[in-house]
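Residues per chain, in single letters:
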Amino acid sequence: MRVLSPEDVDRVALGAQFLACSIDPTTMLMYSDMTRMAMTSHTLTLASLDDLAPDDLVVAVGLVSQGLLMAEMPPCGDEMLGCLAAVERAVGRRAAAIFPLAAANLNAIVPMLTALQAGLPVVDADPMGRVFPLISQTTLNAAGVNIGPVALMGANGERILIEVGNARRAEALVRAATEELGGWAASAMYPCTVSQLRDHGVIESVSRMITLGHILESVEPLATKYRKLSDALGTSRVARAQVAYVESSFGPSDVALPAQPSSLTLSDDGNGRIVRIEIQNEILMVLVDGAVAAAVPDIVTLIDPEKASVVSLDDVRVGDVLDVLKTPADPKWYEPEGLALVGPAAFGLSLAETQP
Amino acid sequence: MRAGIRLEKDRSSVVAVDADGEIVGEYSHSIGQEDPFPELFDWIAHRSNVGVRSVTVDVGGLLSMERERQVVAVRIRPRPAADPLHELPVPPDLRDSRLTVIDVTGGHDMRGRRLMDLEVASLTAALRGISSDTELVASVTAVGSVANPEHEQQAADALLSAFPFARVTLSNEFFSNSFRDRDYTAAMNACLMSSGDQLAAQIEQAARVQLPGVPVYFAVSDGGRVPIRRLGATPVNALHAGAALGLMGARHLAAVDEGEIVITDDAGAQVGRVHAGVPATHTVIRRGREPALACNAARIDPYSPSLLGEPERPAAVVDARSHDAVSMRGDLESTVRARVDLTALGAAVAPLSAWADFLGHASSSDELDSWLRATQEDLRSQVVHWGAAPESTRVVESTAYTLAYGSRHVVRIRVRVIGDWVETTARAGATI
């Protein structure tokens, strides 16, 4: 077990923002502060899967959003523990540890505080290795690990236990329930054994965020940071360009994703290239002069080169100059089972039509 | 002629520009008396043989926080915090105020649907604990109020029933989808209202005597200006206008409408981006780990070329050092030397600026286009009503986008219209 420091929590937060696009910076800061405060009286431990017994129960905890940022309706503090207890009751076992529902964005940091509240370690693994919009888009689901039972609790105190096996059905039920709970819900799901998580999860994903945070927090020139990101994660820069348009579209979609698609169009002043970024909750695809430069499951990050900080999609404005970075996702996602769940076609995008 | 006034605690500067944007006069002196405006307006009145078209005042340095009156912050959300860790702390800059926080059950979701009924009775009971002869200023923040302000309005009604002369700020006047940031912004605004009222009264009185009929404005944090009569209602928008005006002044001297402008002064170097002739903006002013201020504000950061991945050439480097003995960064080469107070110049050339930022419901592109067009026209009317010539108005931002993980068909619409914009032709006061 590794004891995490308050600085590690900040690094997790930085790394978590790099691996996501739609960041809620207020809640990220609030959770970081609350976690650091809780660490003054409790120890936060990061467990490798080898630290736990193969049959130990581990449970994913995280937020599900449908309609509202957590920042708009701050948590009361008992939601995550309520969900964890509900799943433990349903499966008849106590969890030995918890793991993040996604090792990115808020779902990377929320389990830190939950672990402190519950007196449990956080496992250095997760089922996404980044964040995807749907709770069915996990390596655990791709391997056939059961998502249910799923426990939800909203900030208004209402609780729901969904006894479900099929992840797509779980997605539909959870999404509908979350909207009625106010727009976000605390959740616990994917109760599984340590062996299952070891075989089918994305391993050492929390450590990776700490490494990322180390790189991003340094005062080195951005070029040096980019070199380190390339060495550590295979990150490459797709373009530096200026935002020309921000658009929403209302085209028909067969894909049950939250929110409608939107697009950013950027122009690269240096060489006249046109960069188009397709978004639906997360960045799904980047086109440069019509050619695919990145597409899900690739991780796309927007960086403000003046401040060397990650830019949230909500903060992008016409006229902004952005660096567009591409980082490969976990190799599991590029296998056929992974691509079926999170490849471009899973988001209703046809790569064939976008090739030049 | 247009005049811009920069006010600090002990000093004032005035810059006047003519209709072509040329600098025609400047004036600076220390402030000794309680009310500096008669003297400043007298100087402006005697400066020009032609009519004074507008006066814009940067009052950010003179606004002061409420210390006398009782301040009440009403927070409406579905449930109170379950443990001390999850309680929203009072931000440090409000801790010296006589601030009482009242938590009330209520709130809406982003579709505007009620999550919980508003517990008016508990608010009324809490207000009974405050002496009825207290002069009260208050802020009200409800979960989901940007989608449905019903509970904030009901709480304001309850406040005004108990304290008929209370000044109340509702958080939905400031767009942010963060409860904490809106709560802070509304409370700050409430704490600044008395000061804003007093300054507005002094400025209007001086203008009536010295410059009768001349429209007077105050500068806001996006680098624009709005009528002075609004200062008492939304003083928080004036709090951080200075930096934005400095960028507007630098942009005017450097004749740059697009690109990065570096300003070096005695305190160091800062960089801001100008887009379409006005500062590029953030929707909030972030303050490290503390709550952000939900005001549209110019994006200005400390200049640090070491962060850049490759050499980037700013569009202009404006040297505003008070004298050459102040050292300048070795990696910067001045392109314009400022001989005037950039903030006062920025105030003189600041355009009228109106924003709309709200959540709308649209289920088709046509519907969205209609929203945008209607919003643009509303803002054009507003800016014309404030004094702009209709042909001088233009849309500098018009976007509509879905919120990630948001409800389907809920879109955030942001439009900015400016008017009475000054071309960047000034050269007086600048040397190259």
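Residues numbered from 1 in each chain as written. Chains lettered and ligands numbered in written order. Predicted model: local features only at pLDDT ≥ 70, side-chain atom pairs only at ≥ 80, totals over all residues. Heavy atoms only, no water.

With 73 residues of chain A at the interface, the matching set in chain B holds 66 residues. Both sides together, the interface formed by chain A and chain B hides about 5600 Å², and carbon and sulfur atoms give 49% of it. Where chain A packs against chain B, one counts 11 salt bridges. Ionic pairing is found between Arg111 of chain B and Glu179 of chain A, a salt bridge with its closest N-O pair at 3.9 Å. Only α2 (25-38), α4 (106-118), α6 (167-180), α9 (222-233) and β11 (236-248) of chain A provide two or more residues apiece to the side of chain A that touches chain B. (Contact = heavy atoms within 4.5 Å. Buried area = accessible area lost by both parts, 1.4 Å probe. Salt bridge = Lys/Arg side-chain N within 4 Å of Asp/Glu carboxyl O. Helix = DSSP H or I, 4+ residues; strand = E, 2+ residues; numbered from the N terminus.)

A word on the sheet that holds strand β5 (residues 70-77) of chain B. Residue and element names in this part refer to chain B. Taken together, 4 strands build an open sheet; the order of strands is β6-β5-β7-β8 and the sheet is parallel. Across the chains shown, the open sheet's two edge strands, defined by having one partner strand only, are β6 (98-105) and β8 (167-170). Within the sheet, the average angular offset between the axes of one strand and its neighbour, ignoring direction, is 20 degrees. With 8 bridges joining them, β5 and β6 adopt parallel strand pairing. If you follow Val74 over to β6, its bridge partner there is Ile102. Contacts from helix α3 (residues 150-162) reach β5, β7 (136-142) and β8 within the one sheet, and its direction differs from that of β7 by about 160 degrees. Together, β5, β7 and β8 form the strand contacts of helix α4 (residues 179-210), whose direction differs from that of β7 by roughly 160 degrees. (Pairing = 2+ DSSP bridges. Axes fitted to C-alpha atoms, helices over the stretch in contact; angles between N-to-C directions.)

It is worth spelling out the packing of helix α1 (residues 6-18) of chain A against helix α8 (residues 205-217) of chain A at this point. Residue and element names in this part refer to chain A. Packing of α1 against α8 leaves a shortest axis separation of 7 Å and a crossing angle of 90 degrees. The angle between α1 and α8 falls in the class roughly perpendicular. Across the interface between the two elements, Asp8, Arg11, Val12, Leu14, Gly15, Ala16 and Phe18 from α1 touch Val206, Met209, Ile210, Leu212, Gly213, His214, Leu216 and Glu217 from α8. Residues of the contact of α1 with α8, tallied by class, amount to 9 nonpolar, 3 polar and 3 charged. (Parallel < 35°, antiparallel > 145°, perpendicular 65-115°, else oblique. Nonpolar A, V, L, I, M, F, W, Y, C, P; charged D, E, K, R; others polar.)

Turning our attention to the packing of aromatic side chains. A full pass over the atoms with the stated rule returns 4 aromatic pairs over all chains. Relative to Trp333 of chain A, the ring of Phe132 of chain A has its centre 5.1 Å away and its plane inclined at 75 degrees; by these criteria the two rings are edge-to-face. Of this pair, Phe132 of chain A sits in the loop between β6 (125-126) and α5 (139-142) while Trp333 of chain A sits in the loop between β18 (321-327) and α10 (336-342), and the two are 201 residues apart along the sequence. Grouping residues by exposure puts Phe132 of chain A and Trp333 of chain A together as buried. Consider the rings of Tyr27 of chain B and Trp43 of chain B, whose centres lie 5.1 Å apart with planes at 10 degrees: the pair is stacked. (Phe/Tyr/Trp six-rings, centres within 6.5 Å; stacked < 30°, edge-to-face > 60°. Buried < 20%, exposed > 50% of the residue type's maximum accessible area, 1.4 Å probe, protein only.)

Moving on to the pattern of salt bridges. In the structure shown here, the tally under the stated rule is 49 salt bridges over all chains. In this structure, Asp10 of chain A and Arg36 of chain A form a salt bridge, with 2.4 Å as the shortest nitrogen-oxygen distance. Of this pair, Asp10 of chain A sits in helix α1 while Arg36 of chain A is found in helix α2, placing the two residues 26 residues apart along the sequence. Of the charged contacts in the structure, one is a salt bridge between Arg53 of chain B and Asp420 of chain B, with a shortest N-O distance of 2.7 Å. In this pair, Arg53 of chain B is assigned in the loop between α1 (37-45) and β4 (54-58) and Asp420 of chain B in the loop between β23 (410-419) and β24 (430-431), connecting sequence segments 367 residues apart. A relative accessible area of 40% means that Arg53 of chain B is categorised as partly exposed. Residues joined by salt bridges that share partners form a network here, namely Glu179 and Glu180 of chain A together with Asp109, Arg111 and Arg113 of chain B.

Mapped onto the secondary structure, Arg337 of chain B falls in strand β20 (residues 336-338). The class for Arg337 of chain B is buried, based on a relative accessible area of 11%.

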